[in-house]
Amino acid sequence: MTDAYEAYRQKARSWLQSIESEFGREARRGLTEEQDLALGRRYQSAKYAAGYAGINWPEDFGGQGLSHIEKVIFESEEMKFGVPSVYFGISLGMPVPILMRYGPDKEFARERVIKALKGEEIWCQLFSEPSGGTDLAGLRLKAEQDGNGWRLNGQKVWTSWAHYSDYGVIVARTDPTVEKHKGLTYFWVDMKAPGVTVRGIKLAGGDSHVNEVFFDNVRVEDNQRMSPVGGGFAVAITTLMIERYIATDSGGFGPHLDLFVDLAKEVEINGRPAIEDGRIRSAIARNYAMRAGLDSITARAMLMMQAGMEPGPEGSLNKLVAVRSRQKLSELAIDLQGNSGMAFEPHAFVKEDWSASWLNAPTGRIAGGSDETLLNTIAERILGLPQDHRPDKGVPFNQIPA
Amino acid sequence: MSILLDEGQQAIATESRRIIDARENKAKALDLIEASGEYDAAWWDMCREQGWTAVALPEEAGGLGLGLVELGQVAVAVGAGIAGAPFLTSSFGVADALNRHGDQQQKARWLGLLASGDKIGAVAFAEGQNPLPTKPSVTFSDGKLSGTKPAVSAGLHADIAVVLAFDGTKSVLVSVDLSGVERQRINSFDNSRGTADLVFDDSPAELLQADDARRAALEILARQAIITAHEQVGGAEKAMLIARDYANTRKAFGQLIGAFQAVKHRIAELYGLVEIARANALHAAANADGPDLIKNAAAARIAATDAYDTSARDSMQLHGGIGVTWETGLHLHQRRTRTLALEQGNLLFWEDVLVNELAGEKA
Ligand SMILES: Cc1cc2nc3c(=O)[nH]c(=O)nc-3n(C[C@H](O)[C@H](O)[C@H](O)COP(=O)(O)OP(=O)(O)OC[C@H]3O[C@@H](n4cnc5c(N)ncnc54)[C@H](O)[C@@H]3O)c2cc1C
């Protein structure tokens, strides 16, 4: 049983090694984003051809029909190679699986899914709005009935990769006179439809993969609806929960701790190698213990899945714990370099470069659920502590003070 | 090696937890705090009856032939209930040392008695602030041990000690029958640990076989540290759950205090510390015979100490005034956090050991 998974890992690793020179981190150095995206599309197509796309998806949707375990195994190997897969992460992670499950027209869905797997089409997720992201059910973008279809008016924000996207999934308010989460409906939209405007937002790190998206009288047909009218909130929650266990990185998607140890051996404090300084030693030891714990939690979750069990809820700790600590370790790594730590290479990889890691760490604590949201989830769902006081509970949406 | 508990291991975990929960005796634990030199004899009888003294000892010595994973599960339960004495860990340490470094005669004489709990062991490596001195001040020559090992946990009650000593040229591991050895009881904030100075004065002792005695001592300490880490996890989890239950009962400003995020987020953070510590402890136990013993033990120890310290501290805070009373007994956890943090080497020690391993230096 376990041997079969080990064999799968070996096979995946040797395939990744075989394409590394074409798609790996070194091949990407110095590329513009457009070039990198084009490389990413070719990588995605190579992956499809080699049988590593849609690993746990049904075969009639172009997938491999394997289990979740093979998928996580592949992704944890893939992560080490620095391939250009970031453009497809959201697309294949949430909107496309939802289309597969809830898409009203199976033949259409099938065609989209396969094109998405090959990297030919990209999907985005249009949930968050200026009025609030954590409070998802508080969204305001309107969908109003128009003949046998709908008209969308309003604005989304923080939409990752919307500027490259062909399609998106969107939650809209169809009834403002009922409680906030009861008046929502879920659709898919064509991002090239008339009335859709995408405008990039430059992020703190200097790049801009998120966008504002404006909807000005955008027409959608009723067969683009993916939930009952007023039943959109449940599908939205399903979208967010679809991947219960994804490949994680106990380094918080920043540099490996070995790089910090190397740095601490190179630089000096008070004329002695920094690795001999107690403050640095303590930081290394604490980080190691934390990362090793998260790795063991992940390893245990994999074993549980292999044994046909549901992994424990402690898997939800990874992002919360790892990204915060990556942020602090990156600060320390910059400090260690003294004034020379101020030098900055804007195109450096986050997993290799402490400054890039540090500048981009704050987004990791917001995107995909803020620290505070994750703490609430742990407190309420795992520990059974009470919900927060919610003054808008039971109040029709249009009577909640703005 | 697997870090999923099998059915037998799970049974040990739930059964030991059930037994300890059923016999919890807070009044007794509170009394022991003020009684210097005593331990909870009924608690120790329970450990012996349950066979917990035998869990990780070899079958040929009357043990159950299980390992640190199983003993670790017992230790989690023991930690949750606040152990009445330190002997499960200290006797294991001595048995482990004899088993690996003793001759047939030494093993035959002691292992069975340690497995049954008829005799108690103490491990005496530390001196002063140093958990593992490079040149111990206690000396061994001509089969005799001299000098003082200060503040040895279980030292007051132990029948045998394994000692790290200096023979004039190098460190050595020796075992010593404590029947004729002077012990000076130490009054502690956590008195049931039987802490005492062991004063050797030409005390007869036997050499154990170890090429590199300090390395052997570090490995013995590491295996003990893995057990202690489990005990800390048990204590940390218990203190966290006590806080959770209180937050689900106590009201202020018209709602349960658990509905305030300052309270619920703090408890959620404790959950994170406990689970990371648990994962490290289990990983270390499951791989105790592997090449990364020291690294794994250090990570387990660091995470577990952090978890228990924080959990006990925050649990008291979240109780308000009732949390700082003698009766409520949360201070039992507070006191135990420090004892467990010091026994088997403090955080500073394990941080250094770990970084030496990671940076490719020798410990
Ligand atoms: C890089 C990046 C990519 C993103 N990609 C997408 C995307 O593709 N699609 C999409 O729909 N969204 C996306 N998001 C949006 C993301 O989901 C939201 O930013 C996030 O949910 C937080 O919402 P907000 O920004 O409106 O902050 P708010 O919800 O306004 O939160 C502000 C602060 O208040 C805190 N807060 C809010 N509610 C509570 C509460 N109940 N208890 C305690 N504290 C609370 C938050 O934790 C935060 O610290 C992305 C965000 C980023 C940064």
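Residues numbered from 1 in each chain as written. Chains lettered and ligands numbered in written order. Predicted model: local features only at pLDDT ≥ 70, side-chain atom pairs only at ≥ 80, totals over all residues. Heavy atoms only, no water.

## Section: the site of the ligand
Point 1. In the vicinity of the ligand there are 19 residues, among which Gly133, Thr134, Trp158 and Ser370 of chain A together with Gln261 of chain B approach most closely.
Point 2. At the site occupied by the ligand, the surrounding residues belong to chains A and B.
Point 3. Take threonine 134 of chain A: an N or O atom from its side chain is 2.6 Å from an oxygen atom of the ligand.
Point 4. Within the complex, the protein chains bury 70% of what would otherwise be the 970 Å² of accessible surface of the ligand.
Point 5. Of all the elements in the fold, those that place two or more residues in the shell around the ligand are β3 (149–160) and α13 (371–382) of chain A.
Point 6. Looking at the shell around the ligand element by element, the count peaks at 3 residues for β3 of chain A.
Point 7. Considered class by class, the residues forming the shell around the ligand number 6 nonpolar, 11 polar and 2 charged.
Point 8. Counting contributing residues per domain, the shell around the ligand is built from domain 2 (124–231) and domain 3 (248–382) of chain A, each supplying no fewer than three. (Near = heavy atom within 4 Å. Polar contact = N/O pair within 3.5 Å; in protein donor to acceptor, adjacent residues only side chain to side chain. Areas by Shrake-Rupley, 256 points an atom, 1.4 Å probe, with all protein chains shown as cover. Helix = DSSP H or I, 4+ residues; strand = E, 2+ residues; numbered from the N terminus. Nonpolar A, V, L, I, M, F, W, Y, C, P; charged D, E, K, R; others polar. Domains from an automatic or database assignment.)

## As for the interface of chain A and chain B
Accessible area lost during the coming together of the parts is what is often quoted as the interface size.
Point 1. On the side of chain B, 40 residues touch chain A, which itself brings 40 residues to the contact.
Point 2. Between chain A and chain B the total buried area reaches about 3300 Å² when both faces are included, carbon and sulfur atoms providing 66% of it.
Point 3. Where chain A touches chain B, the interface holds 5 salt bridges.
Point 4. With its nearest N and O atoms 2.6 Å apart, the salt bridge here joins arginine 281 of chain A to aspartate 352 of chain B.
Point 5. Elements supplying a minimum of two residues to the side of chain A that touches chain B: α9 (257–266), α10 (278–306), α11 (317–336) and α13 of chain A.
Point 6. Top element by residues in the side of chain A that touches chain B is α10 of chain A. It accounts for 17 residues. (Contact = heavy atoms within 4.5 Å. Buried area = accessible area lost by both parts, 1.4 Å probe. Salt bridge = Lys/Arg side-chain N within 4 Å of Asp/Glu carboxyl O.)

## Here we look at the domain arrangement of chain B
Residue and element names in this part refer to chain B.
Point 1. Split by domain assignment, chain B resolves into domain 1 (7–116), domain 2 (121–211) and domain 3 (214–359).
Point 2. Computed from C-alpha atoms alone, the centre-to-centre distance between domain 1 and domain 3 is 20 Å.
Point 3. Between the two partners, domain 1 and domain 3, sit 3 salt bridges.
Point 4. As a salt-bridge pair, aspartate 96 and arginine 223 come within 2.7 Å of each other at their nearest N and O atoms.
Point 5. Connecting domain 1 to domain 3 are 5 residue pairs in polar contact (both at pLDDT 80 or more).
Point 6. Mapped by element, the contributors of at least two residues to the side of domain 1 that touches domain 3 are α2 (26–34), α4 (68–80) and α5 (87–101).

## Some details on the nonpolar core
Point 1. Counting 167 residues, the largest nonpolar core has Phe125, Leu145, Val163, Leu173 and Trp350 of chain B as the members making the most contacts within it.
Point 2. Considering every element that reaches this core, the biggest residue donor is helix α7 (residues 213–247) of chain B, with 16 residues.
Point 3. Residues within four places of phenylalanine 125 of chain B in sequence aside, it is in contact with Pro131, Leu132, Pro133, Lys149, Val162, Val163, Leu164, Leu173, Ala217, Ile220 and Leu221 of chain B.
Point 4. One finds Ala53, Trp161, Trp188 and Ile242 of chain A within the second-largest nonpolar core, a separate group that totals 33 residues. (Core = buried A, V, L, I, M, F, W, Y, C linked by side-chain atoms within 4.5 Å. Buried < 20%, exposed > 50% of the residue type's maximum accessible area, 1.4 Å probe, protein only.)

## Brief notes about α13 of chain A
Point 1. Over its 12 residues, α13 of chain A extends 16 Å from the first C-alpha to the last, a length consistent with the 16 Å expected when each residue adds 1.5 Å.
Point 2. Of the positions making up α13 of chain A, those classed as buried are Asp371, Leu374, Leu375, Asn376, Ile378 and Ala379 of chain A.
Point 3. Contact partners of the buried residues in α13 of chain A: α11 of chain A together with α8 (261–286) of chain B.
Point 4. A positive backbone phi angle near 70° is found at glycine 384 of chain A, which sits one or two residues after α13 of chain A. (Expected span 1.5 Å × (residues − 1).)

## Some remarks on helix α9 (residues 293–318) of chain B
A turn of α-helix holds 3.6 residues, and therefore any two residues three or four places apart point the same way.
Point 1. Under the 1.5 Å per step criterion, the end-to-end length of α9 of chain B is 37 Å for 26 residues, consistent within 8% with the ideal 38 Å.
Point 2. Downstream of α9 of chain B by one or two residues, glycine 320 of chain B has phi in the positive range, about 65°.

## Some words on the packing of aromatic side chains
Point 1. All chains considered together, the criterion is met by 22 aromatic pairs over all chains.
Point 2. Consider the rings of tryptophan 123 of chain A and tyrosine 167 of chain A, whose centres lie 4.9 Å apart with planes at 25°: the pair is stacked. Placement of tryptophan 123 of chain A in strand β1 (residues 123–126) and of tyrosine 167 of chain A in strand β4 (residues 167–173) is noted, with a sequence separation of 44 residues between them.
Point 3. With a relative accessible area of 1%, tryptophan 123 of chain A lands in the buried category.
Point 4. Considering the side-chain rings of tryptophan 43 of chain B and tryptophan 44 of chain B, the 6.4 Å spacing of their centres and the 25° angle between planes classify their relative orientation as stacked. Side by side, tryptophan 43 of chain B and tryptophan 44 of chain B carry an identical accessibility label, which is buried. (Phe/Tyr/Trp six-rings, centres within 6.5 Å; stacked < 30°, edge-to-face > 60°.)

## Overview of the UniProt feature "domain: Acyl-CoA dehydrogenase/oxidase N-terminal" (unreviewed entry) in chain B
Point 1. Under the feature "domain: Acyl-CoA dehydrogenase/oxidase N-terminal" (unreviewed entry), the UniProt entry names residues 7–118 of chain B.
Point 2. This span, residues 7–118 of chain B, is 68% helix and 0% strand, and a straight line between its end C-alpha atoms measures 30 Å. (UniProt positions renumbered as here; feature names shortened; annotations may be inferred.)

## Looking at the UniProt feature "domain: Acyl-CoA oxidase/dehydrogenase middle" (unreviewed entry) in chain A
Point 1. As recorded in UniProt, the sites labelled "domain: Acyl-CoA oxidase/dehydrogenase middle" (unreviewed entry) are residues 124–218 of chain A.
Point 2. With 0% helix and 52% strand, the stretch residues 124–218 of chain A has end C-alpha atoms that lie 17 Å from each other.

## Some remarks on the UniProt feature "domain: Acyl-CoA dehydrogenase/oxidase C-terminal" (unreviewed entry) in chain B
Point 1. The positions UniProt marks with the feature "domain: Acyl-CoA dehydrogenase/oxidase C-terminal" (unreviewed entry) are residues 216–345 of chain B.
Point 2. Between the end C-alpha atoms of residues 216–345 of chain B the distance is 15 Å, and the span holds 75% helix and 3% strand.

## A word on the packing of helix α1 (residues 2–23) of chain A against helix α3 (residues 33–50) of chain A
All names here are of chain A.
Point 1. Interaxial distance between α1 and α3 falls to 11 Å at its minimum, and their mutual angle equals 160°. Considering their axes alone, α1 and α3 lie roughly antiparallel with respect to each other. Helix-helix and strand crossings are classified by hand; for α1 and α3 the assignment is right-handed. Across from Trp15, Leu16, Ile19, Glu22 and Phe23 in α1, the residues of α3 making contact are Leu39, Arg42, Tyr43, Ala46, Lys47 and Ala50. (Axes fitted to C-alpha atoms, helices over the stretch in contact; angles between N-to-C directions. Parallel < 35°, antiparallel > 145°, perpendicular 65-115°, else oblique. Left-handed = near helix turned anticlockwise from the far one by under 90°.)

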